[in-house]
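Coordinate inspection notes
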Amino acid sequence: QVQLVESGGGLVQDGGSLGLSCVVSGSIISINDMGWYRQAPGKQRELVAKVTSNGAAIYADSVKGRFTISRDNAKNTVALQMNSLKREDSAVYYCNAIIRTFPVQAPLNYWGQGTQVTVSS
């Protein structure tokens with residue numbers, strides 16, 4: 001019913017930049033928090049950044065000052081601009097949104113398919 005589609009992943013050199021985008025479609029009543037998580041091999045999935053329904057941005061300490069998250073409520077999209085990338089940023093990045101949909105109005109957690117980001121020299 002609800003689909004999250006990501007784009008923008010790829011291979012980039014140390015110190016470079018990448019931009020990720022995610023669009024949400026479906027029978028949406030409303031979207032609460034929306035943002036990005038990542039998971040590296042052998043690691044747990046962790047929050048990278050998110051934006052609340054009121055527009056407050058929250059960042060992981062490891063990406064503060066380097067990444068910027070933005071949200072467009074009219075288009076149901078969220079983007080992540082990643083600058084000064086490091087090898088430790090390499091991971092699969094997942095779009096995430098907490099969404100109310102028809103006919104069930106209870107908010108549920110939805111995930112995109114994931115997009116690979118690899119940083120190397």
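Read on for a plain summary of the structure.

About the cut-offs
Residues numbered from 1 in each chain as written. Predicted model: local features only at pLDDT ≥ 70, side-chain atom pairs only at ≥ 80, totals over all residues. Heavy atoms only, no water. Helix = DSSP H or I, 4+ residues; strand = E, 2+ residues; numbered from the N terminus. Rg over C-alpha atoms; globule rule 2.2 N^0.38 Å. Buried < 20%, exposed > 50% of the residue type's maximum accessible area, 1.4 Å probe, protein only. Contact = heavy atoms within 4.5 Å. Areas by Shrake-Rupley, 256 points an atom, 1.4 Å probe, with all protein chains shown as cover. Lys, Arg positive; Asp, Glu negative; His and termini not counted. Charge placed at Lys NZ, Arg CZ, Asp CG, Glu CD. Polar contact = N/O pair within 3.5 Å; in protein donor to acceptor, adjacent residues only side chain to side chain.

Notes on the overall build of the protein chain
- Broken down by element type, the protein chain carries 0 helices and 11 strands.
- Helices and strands appear in the protein chain in the N-to-C order β-β-β-β-β-β-β-β-β-β-β.
- Taking 121 residues into account, the globule formula puts the C-alpha radius of gyration at 14 Å, and the protein chain, at 14 Å, falls close to it.
- Referenced to the eigenvectors of the C-alpha coordinate spread, the extents of the protein chain come out at roughly 50 × 25 × 25 Å.
- Counting across all 121 residues of the protein chain, residues that qualify as buried make up 39%.
- Sequence separation of at least 24 residues holds for 57% of the intrachain contacts in the protein chain that already meet a minimum separation of 6.
- Roughly 6,400 Å² of accessible area belongs to the protein chain as shown, and the carbon and sulfur atoms make up 48% of that amount.
- Side-chain charges of the protein chain comprise 11 positive and 8 negative groups, with the mean position of each set lying 3 Å from the other.

A closer look at the side chain of Arg 38
- By secondary structure assignment, the location of Arg 38 is in strand β4 (residues 28–39).
- The exposure class of Arg 38 is buried, given its relative accessible area of 6%.
- Of note is the side chain of Arg 38, whose polar atom sits 3.4 Å from the side chain of Ser 62.
- Of note is the side chain of Arg 38, whose polar atom sits 3.0 Å from the side chain of Asp 89.
- When neighbours within four sequence positions are excluded, Arg 38 is seen to be in contact with Gln 44, Arg 45, Glu 46, Val 48, Ser 62, Val 63, Phe 67, Glu 88, Asp 89, Ala 91, Val 92 and Tyr 93.

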